[in-house]
Structure formats: structure tokens, C-alpha cells
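Here is what each chain is made of, one letter per residue.
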Amino acid sequence: MEWKEDKEFNREHIILEALGGKGDKDICLNVCTSCNSSLGTRVDASLLNQSITKYMRYKFKIRGKNGIPNPFKGIEVKYADTSIVGELKVDKEGKINGFRAKHQVLECNKEKLIVGPRKGFASYVNSKLNENGMNPVTEKELLENRIDFNEHKIPHVEFVEFPEEMRSQYLLYAFPTMLKMAYEYCFITFGEKYLKNPIAMNIRDFLIKYDYKKDTEYCSPTIASLMWISEEERKISLKMYIDNDNIWVQIVLWGMILANICMLEEVFEDEMKIDSGLSVEM
């Protein structure tokens with residue numbers, strides 16, 4: 001048996017801080033620091049690294065250690081009413097502050113439209129002119145006539161619709177993190193005796209082995225249902241309830257994802273502790 005010093009343990013929010021978790025009510029004490037770090041890399045990241053999570057954090061301005069994430073990375077959008085495509089830039093406060101155009105050569109009104117980097121723009125344009133059999137242009141002329149995207153129309157987002165394929169993938173990657181939150185919720189509710197329960201042991205074994213980068217498919221260690229309910233709101237909640245002598249945890253993420261997870265196949269004597277629930281409203 002390996003013994004660890006007190007300094008090797010810390011406190012953790014059950015509702016992840018990166019999802020808006022705060023306050024003292026949802027704190028799980030005495031969490032092994034190295035185990036917590038491993039779970040963060042293998043389990044929590046399965047939810048946090050998804051584009052939908054990043055968008056919800058952007059929408060509700062939920063800060064993490066590195067600020068509010070840019071959910072638009074890798075997503076091409078059009079610049080105004082042109083054929084130019086690129087990527088939106090978002091600052092650490094969650095404000096769209098620019099447009100990074102994709103380097104490209106386009107046909108525009110039977111002319112060549114060259115979109116290139118700000119640094120070395122003149123040499124880039126002339127290299128593309130040369131590739132297309134056209135004469136080079138002086139650097140002065142190019143710089144005087146270029147358009148800087150950061151000084152013109154900055155696109156804004158009015159509405160985002162998640163395609164069905166993205167929703168299905170999100171349910172797959174969200175569940176392990178939701179299961180971890182439900183497990184920690186039961187632990188702070190019932191104490192150490194919960195750890196000896198067969199379902200708790202199955203969940204713990206699953207979380208120890210799960211790695212979202214490798215496990216694109218998995219078998220749930222307990223009975224669970226997961227569905228998309230599409231009612232976006234500024235709230236994440238966990239609540240316990242009893243059904244047929246089983247204890248379940250219901251988790252709702254931003255009013256979009258609803259999970260019902262069976263956490264215990266018997267009711268402890270102190271079952272009356274389960275009626276308060278946890279929630280965070282950003």
C-alpha cells in the first residue's frame with residue numbers, strides 16, 4: 001500500500017471550474033493531486049475540448065485558466081458578402097476581435113483576388129502573380145492598395161446550429177465527464193461507504209482506464225440514458241432521486257444535455273440527504 005502526504009491532496013469542484021463551477025457546496029475534498037491531474041487529461045478533456053463546450057463557454061463567458069476559449073478555430077466563415085473565407089478571432093474575454101483570412105487566390109469579377117499574410121504580404125502576392133504568369137507589382141503599390149481585415153467589417157455571430165453528427169459525437173464524449181461528476185456528487189453525499197458499492201467500483205474502474213483520445217467507443221459501467229434536449233440556458237445542475245429503490249443522478253448541461261445515471265442499487269439509511277442538488281448558474 002502506498003501512503004501519500006497531505007500536500008499530495010487538494011480540493012476539486014464537482015461541476016468543473018472550466019464549466020462555471022464555483023462556491024463551497026460542490027467541493028470534493030481530499031482528492032489525490034496526481035489522480036486529479038490524470039482524470040483532467042483523460043476524462044474532463046473529453047468534454048472540454050469539444051467545439052460545442054467551447055461555444056457554450058464563449059456564449060456564457062465562462063473563463064478558464066487561459067481565459068474564454070475561441071470556439072471558431074478550424075471553422076471557415078465568409079468575410080461579409082465576399083468569397084473570402086477564414087477564421088474568427090476571439091480575445092481572452094470572449095469578444096470577437098478580428099478575422100484571420102485563409103491564404104488563397106480567388107477569381108473575383110474575372111480578376112485575381114489574392115489573400116495573404118500581413119507579414120511578408122508583398123512577397124507573397126508577387127509569388128502568386130508569378131505562379132499565374134502575371135507581372136510582379138511594386139511593394140509600395142501593393143501596400144497602398146491592400147485591405148486589412150482587422151480594420152474593416154468584423155463578422156459577428158447571430159445564431160449557431162449544431163449539426164446532428166456533431167450532437168451525436170458530443171453525447172459520446174460528454175458522458176464520461178458527467179459520470180465522473182455524478183460519482184463525486186455521490187461521494188460527498190454518502191461518504192466513504194459509497195466507494196465500496198459495486199456500481200461505484202465499476203464506475204471507478206471505468207474512469208481509471210478511460211482515455212478519450214483512444215476510447216472513441218466504450219460500454220457504460222452503469223445504467224444510463226443520455227439525450228439532447230436543446231433548451232439552452234445559463235445553468236448546469238446535478239440532482240439525486242430514488243426510483244425502484246435505486247438512487248439516480250440527473251445531470252443537465254446548459255439545458256442542452258440531459259443524463260440520468262443509476263449510481264446505487266440500494267438506498268442508504270441517510271437517503272433524505274439527497275434532495276438538495278447542486279447547480280451553478282453562470
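Everything discussed here concerns the structure shown above.
Definitions and limits used
Residues numbered from 1 in each chain as written. Predicted model: local features only at pLDDT ≥ 70, side-chain atom pairs only at ≥ 80, totals over all residues. Heavy atoms only, no water. Helix = DSSP H or I, 4+ residues; strand = E, 2+ residues; numbered from the N terminus. Buried < 20%, exposed > 50% of the residue type's maximum accessible area, 1.4 Å probe, protein only. Pairing = 2+ DSSP bridges. Axes fitted to C-alpha atoms, helices over the stretch in contact; angles between N-to-C directions. Parallel < 35°, antiparallel > 145°, perpendicular 65-115°, else oblique. Left-handed = near helix turned anticlockwise from the far one by under 90°. Contact = heavy atoms within 4.5 Å. Nonpolar A, V, L, I, M, F, W, Y, C, P; charged D, E, K, R; others polar. Disulfide = S-S within 2.5 Å.

Notes on the environment of Asn66
Among the secondary structure elements, Asn66 is positioned in the loop between helix H2 (51-59) and strand E3 (77-78). By relative accessible area, which is 66% here, Asn66 ends up exposed. Note: C-alpha distance between Asn66 and Ala18 (48 residues apart in sequence) is 9.8 Å.

Quick word on the environment of Phe60
Among the secondary structure elements, Phe60 is positioned in the loop between H2 and E3. With 174 residues separating them in the primary sequence, Phe60 and Arg234 have C-alpha atoms 6.8 Å apart.

Quick word on the pairing of strand E6 (residues 104-108)
Sheet topology places E6 next to strand E7 (residues 111-115); 5 bridges connect them, and they run antiparallel. Across the sheet, the residue bridging to Val105 is Ile114, located in E7. Hairpin connection, E6 to E7: the antiparallel pair is bridged by 2 residues, and Asn109 has positive phi, about 55°.

Re the packing of helix H5 (residues 164-190) against helix H6 (residues 198-209)
At their nearest, the axes of H5 and H6 sit 11 Å apart, and the two run at 135° to each other. The orientation of H5 relative to H6 falls into the category oblique. Viewed along their axes, H5 and H6 form a crossing whose handedness is left-handed. Across the interface between the two elements, Pro176, Leu179, Lys180 and Tyr183 from H5 touch Ala200, Ile203, Arg204, Phe206 and Leu207 from H6. Among the residues forming the contact of H5 with H6, the class breakdown is 7 nonpolar, no polar and 2 charged.

Looking at the sheet that holds E3
Strand order in the open sheet formed by 3 strands is E3-E4-E5, and the pairing between neighbours is antiparallel. Two strands bound the open sheet, and with one partner strand each, they are E3 and strand E5 (96-101). Summarising the sheet, E3 and strand E4 (residues 85-90) pair through 2 bridges and their orientation is antiparallel. Note that in E4 the partner of Lys78 across the bridge is Val85.

As for the pairing of E5
Bridge analysis of E4 against E5 gives 5 bridges, and the strand direction is antiparallel. Across the sheet, residue Leu88 finds its bridge partner in E5, namely Phe99. What sits between the antiparallel neighbours E4 and E5 is a turn of 5 residues, in which Gly94 has the positive phi angle 85°.

Digging into the state of the cysteines
Within the structure shown, the criterion is met by 0 disulfides. With no disulfide of its own, Cys186 lies closest to Cys262 among cysteine sulfurs, the gap being 9.5 Å.

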